Amino acid sequence: MSVVVRDAVAERVHKWLGDIPAGWSGARLFEVADAWTSNVDKHTVEGQPSVRLCNYVDVYKNDSIVDSLDFMAASATHDQIRKFRIRQGDTLITKDSETADDIGVPAFVEYEAEDLVCGYHLAIVRPHGRKVVPRFLYWALDSEPIARQWSVTAAGVTRVGIRSTDLNKVTIPLPPPDEQRAIADYLDHETAQIDVLVAKQQEFIGLLQERRGAVRDKLMTAGVVQGRSVEATGSAWLSELPRGWRAVPTRRLLELGPSNGVSPEAGRVGDLRSLSIGAVRNGRVRLADDVTKYVDRAAVSDISRLRLEPGDVLIVRGNGNISLVGRAGLVGDEFGQQEYIYPDLLIRIRTTPDMLPEFFVAAFDAPASRAQIELLARTTVGTFKVSAADVRSIVLPRPPLDEQHAIVEHISEQTTRIDALIAKAEEHIVLAKERRSALVTAAVTGQIDVRTARKAS
């Protein structure tokens, strides 16, 4: 019987981790750590002790949980505080998301406090100190073989998650303790260098996007003609504009009024293409695999109403980040070759003949419009949203049609080079993150000898 058990364990380890070095083993998570999910929500209940929540976004966007993070204020029961207070050396992982790619994302806990607890949609992994080095466990959970196991065990339809019964079953590599420490030290050093390079590229992109926005914003209030006189508009949002321009509510610029897309409940798989809100970017609606979703055609009652056409404008209706709510993007000619619909968190509009859709997008993303959107945006369970009525009420500049053409052409000329630089920087970031991921996987599965690799570098 013992031989069969050993063979089964070896088969499982090889299936998930491949060929690991001699002297290494593989272990289920429950053999080296305790793992449990949190049920502490974001509400503040009168009479309960005040706490700070380490939330989903804190884990998803950060490699480490440190005291400088802006934790949310909430409340919890005494039992919840005892059970879900996080400790240094823990690893927190995302438990639920809209896609399997976003579950199991880890963050290492470097800071603890009496009032700091783990929030909903997260799990705490607390290592058994004598069996696994805490920092190595974090890196193991950050590797591709573990992510692959999470994706296989993920359950759900419109939202996927790790079931509590599956949380402890994931198989991790387990080198000897001294090698665990060496691997953790190596990855701490090497990934820090990669992260610095990524941060510099992200900073560069931010500067380029500011420059891109400045080009657009100036033209939205001054046009391309220098030294032109201005006149009062009577609008609180656009008080002065070049002579001949008008400040007009969006409802007077629309041929097809705002309408929401299909709900995610229409299905997660199928042959009908839809988009994620990430498709709206830099004033365009982009076609790419990472923003394409598929829904069941039979579950969508009126495809013709939802079908996107070149020249349509999509507006982000809801997002957890208020700066992304109300962002507009132009549907390009490439959509004429393929059938696409749009999701519930995007609003589709079509402009009248006296408003170029390209100009509408630029004006809708300009500072005066952003100020109106952020005033109107309401939050529901952490998501900021604007309604169709809100979109209709936004006041935009409307120059004569010939000036709109000139402004759109000028924006295109000025931003083409900037967009190319942004794309190149984003490519560098993708490559750096791929290298980082490959390095983590190679180190924690023994594909590289970290002591030799450290000396070589």
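Details of the structure are given in the entry above.
Residues numbered from 1 in each chain as written. Predicted model: local features only at pLDDT ≥ 70, side-chain atom pairs only at ≥ 80, totals over all residues. Heavy atoms only, no water.

Trainee: Can you tell me about the packing of helix H5 (residues 134-141) against helix H13 (residues 401-444), naming the residues and giving the values?
Mentor: Where H5 meets H13, the axes come as close as 9 Å, and the angle between the chain directions of the two elements is 125°. Here H13 runs oblique to H5, going by the angle between their axes. As for how H5 packs across H13, the hand of that crossing is left-handed. Where H5 approaches H13, its residues Phe136, Trp139 and Ala140 are matched on the opposing element by Arg436, Val440 and Val444. When its residues are assigned to classes, the contact of H5 with H13 shows 5 nonpolar, no polar and 1 charged. (Axes fitted to C-alpha atoms, helices over the stretch in contact; angles between N-to-C directions. Helix = DSSP H or I, 4+ residues; strand = E, 2+ residues; numbered from the N terminus. Parallel < 35°, antiparallel > 145°, perpendicular 65-115°, else oblique. Left-handed = near helix turned anticlockwise from the far one by under 90°. Contact = heavy atoms within 4.5 Å. Nonpolar A, V, L, I, M, F, W, Y, C, P; charged D, E, K, R; others polar.)

Trainee: Let's hear about the side chain of Asp166: which residues, and what values?
Mentor: Take Asp166: it is sitting in helix H7 (residues 164-167). Those residues in contact with Asp166 that sit more than four places away from it in its chain are Trp150 and Thr153.

Trainee: An account of empty space enclosed by the protein is needed here, citing residue identities and associated values.
Mentor: To locate leftover empty space, one rolls a probe as large as a water molecule over the atoms. Counted by the stated rule, this structure contains 1 cavity of 30 Å³ or more. As a volume, the largest cavity reaches approximately 40 Å³. In terms of lining, the largest cavity is formed by Ile315, Gly326, Phe364, Ile373, Leu376, Val386, Asp390, Val391 and Ile394. Put simply, the parts of the chain that give the lining of the largest cavity at least two residues each are helix H11 (367-376) and helix H12 (388-393). Counted by class, the lining of the largest cavity contains 7 nonpolar, 1 polar and 1 charged residues. (1 Å grid on protein atoms, 1.4 Å probe; cavity = no way out; pocket = protein on both sides within 12 Å on 5 of 7 lines; lining within 4 Å. Points joined across faces, edges and corners; volume = space filled by probe spheres on them.)

Trainee: Tell me about the layout of surface pockets, and name the residues and values.
Mentor: Each pocket or cavity is described by its volume, and for the second largest pocket that value is around 190 Å³. Taken together, 14 residues line the second largest pocket, and the ones lying closest to its centre are Lys218, Leu219, Ala222, Gly223 and Gln226. When residues of the lining of the second largest pocket are traced back to their parent elements, those giving at least two are helix H8 (177-222) and H13. Of all the elements, H8 adds the most residues to the lining of the second largest pocket, at 4 residues. Among the residues making up the lining of the second largest pocket, the classes are represented as 7 nonpolar, 5 polar and 2 charged.

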